[in-house]
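Here is how the chains run, residue by residue.
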Amino acid sequence: MTRPDVGRENQARATMAAAPRPRLRLSRTTVAILLVCGAVAGGGRWYVSRAESAQVASAREAKSGSPFKVFATIQELMDSTVDPAADGVWDSVAVISTEAGVEKREPRTPEEWQEVRRHALTLLEAMNLVVMEGRHAAPPGAQPKLGELDPKQIDVLIRANKPSFAAFADDVRATTLEALAAIDKRDVKALVVAGGKIDQACEGCHVTFWYPESAAPR
């Protein structure tokens, strides 16, 4: 077997290297197609990532038994949400006597009625938060007010009488719906009546679970 001519082989390689190579030119249409395909592929990866995250979240929710997470205690919820909303309903109508005379307070403008309505809606929905499973009566270390049970005792009492506690929340909801109907009708007298019923429903719960041993709350 004879060896090939090395000189000719090197000359052939030099000739190939020097020869102009054809360039691959893509049409605008081809470039657009490639870009779209890339975007779809990237979007697909994003979609899969989001789907995987949703599956992980669903697994966690299934493990805990509920998608809801409780952070605030009932006391904190009352201070931040329930009491301000109830006060917004109650204080919307009042008769105030002073040395200057008698002031009759009631909502008159559309904006004033809308403000009362916002308070009523907040109170209405807050009842769903109050009865959520796992919510304690008060933060750790909280001291009971005069006439109240210890927060741990309140927790025990609520757990032992959960249907009764939920029924009180239902009463507040029902009476707040009456207030909401009065607000939508711009009926001041009906709003006063509904406000009194809300007060009774709230006080019934307080007497039952917070100060059952006190004849008259502070």
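Focus on the pattern of salt bridges
Stage number 1. Following the criterion strictly, the structure yields five salt bridges and no others.
Stage number 2. With a shortest N-O distance of 2.4 Å, R118 and E115 are connected by a salt bridge. Of this pair, R118 and E115 both sit in helix 4 (residues 110-130), three residues apart, which is roughly one turn of the helix.
Stage number 3. Assessed through its relative accessible area of 42%, R118 is described here as partly exposed.

Here's the deal with the state of the cysteines
Stage number 1. In this structure the tally under the stated criterion is zero disulfides.
Stage number 2. Between C202, a cysteine without a disulfide, and C205, which holds the nearest cysteine sulfur, the sulfur-to-sulfur distance is 7.9 Å.

Here we look at a negative patch on the surface
Stage number 1. The grouping of E76, D79, D83, D87 and D91 at the surface amounts to a negative patch.
Stage number 2. Along the chain, D83 turns up in helix 3 (residues 74-90).
Stage number 3. Among the residues examined, D83 registers a relative accessible area of 33% and is labelled partly exposed.

Comments concerning the packing of aromatic side chains
Stage number 1. What the rule picks out here adds up to two aromatic pairs.
Stage number 2. Their ring planes at 85 degrees and their centres at 5.4 Å tell us that F165 and F209 sit as a pair that is edge-to-face. Taken as a pair, F165 in helix 6 (residues 162-184) and F209 in helix 7 (residues 188-209) lie far apart in primary sequence, 44 residues in all.
Stage number 3. Where F168 meets F209, the ring centres are 6.2 Å apart and the plane angle is 85 degrees; that geometry is what we call edge-to-face. Taken together, the residues F168 in helix 6 and F209 in helix 7 connect sequence positions 41 residues apart. The two residues F168 and F209 agree in class, both being buried.
Stage number 4. Through pairs of rings, three or more aromatic residues link up here, namely F165, F168 and F209.

Topic: the nonpolar core
Generally speaking, a soluble globular protein has its nonpolar side chains buried in company with each other.
Stage number 1. In this structure, L123, M127, F165, L191 and W210 are the most contacted members of the largest nonpolar core, which totals 36 residues.
Stage number 2. Contributions of two or more residues to this core are made by helix 3, helix 4, helix 5 (151-160), helix 6 and helix 7.
Stage number 3. With near-sequence residues (within four places) excluded, M127 lies in contact with V82, A169, V172 and R173.

So, the pairing of strand 2 (residues 101-105)
Stage number 1. Across five bridges, the pairing between strand 1 (residues 94-98) and strand 2 is antiparallel. Considered in strand 2, the bridge of S97 is made with V102.
Stage number 2. Between strand 1 and strand 2, which pair antiparallel in sequence order, lie two residues.

Some details on helix 4
Stage number 1. Between the first and last C-alpha of helix 4 there are 30 Å, a value that for 21 residues agrees with the 30 Å anticipated at 1.5 Å per step.
Stage number 2. Every buried residue of helix 4 is listed here: W113, V116, A120, L123, L124, A126, M127 and V130. When helix 4 is viewed along its axis, its buried side chains cluster within an angular range of 160 degrees and face the same direction. Seen from the buried face of helix 4, the exposed residues on the opposite side, beyond 90 degrees, are P110 and E111.

Quick notes on the packing of helix 3 against helix 7
Stage number 1. Running from N to C, helix 3 and helix 7 cross one another at 150 degrees; their axes reach a closest spacing of 9 Å. Looking at the two axes, helix 3 sits roughly antiparallel to helix 7. Along its contact with helix 3, which presents M78, V89 and W90, the element helix 7 presents L191, G195, I198, D199 and H206.
Stage number 2. Grouping the amino acids of the contact of helix 3 with helix 7 by side-chain chemistry returns five nonpolar, two polar and one charged.

Cut-offs and rules
Residues numbered from 1 in each chain as written. Predicted model: local features only at pLDDT ≥ 70, side-chain atom pairs only at ≥ 80, totals over all residues. Heavy atoms only, no water. Salt bridge = Lys/Arg side-chain N within 4 Å of Asp/Glu carboxyl O. Helix = DSSP H or I, 4+ residues; strand = E, 2+ residues; numbered from the N terminus. Buried < 20%, exposed > 50% of the residue type's maximum accessible area, 1.4 Å probe, protein only. Disulfide = S-S within 2.5 Å. Patch = residues over 30% accessible without salt bridge, like charges linked within 9 Å, V, L, I, M, F, W, Y side chains within 5 Å. Areas by Shrake-Rupley, 256 points an atom, 1.4 Å probe, with all protein chains shown as cover. Lys, Arg positive; Asp, Glu negative; His and termini not counted. Charge placed at Lys NZ, Arg CZ, Asp CG, Glu CD. Phe/Tyr/Trp six-rings, centres within 6.5 Å; stacked < 30°, edge-to-face > 60°. Core = buried A, V, L, I, M, F, W, Y, C linked by side-chain atoms within 4.5 Å. Contact = heavy atoms within 4.5 Å. Pairing = 2+ DSSP bridges. Expected span 1.5 Å × (residues − 1). Arc of directions from axis to C-beta. Axes fitted to C-alpha atoms, helices over the stretch in contact; angles between N-to-C directions. Parallel < 35°, antiparallel > 145°, perpendicular 65-115°, else oblique. Nonpolar A, V, L, I, M, F, W, Y, C, P; charged D, E, K, R; others polar.

Keep in mind these values describe shape, not function.
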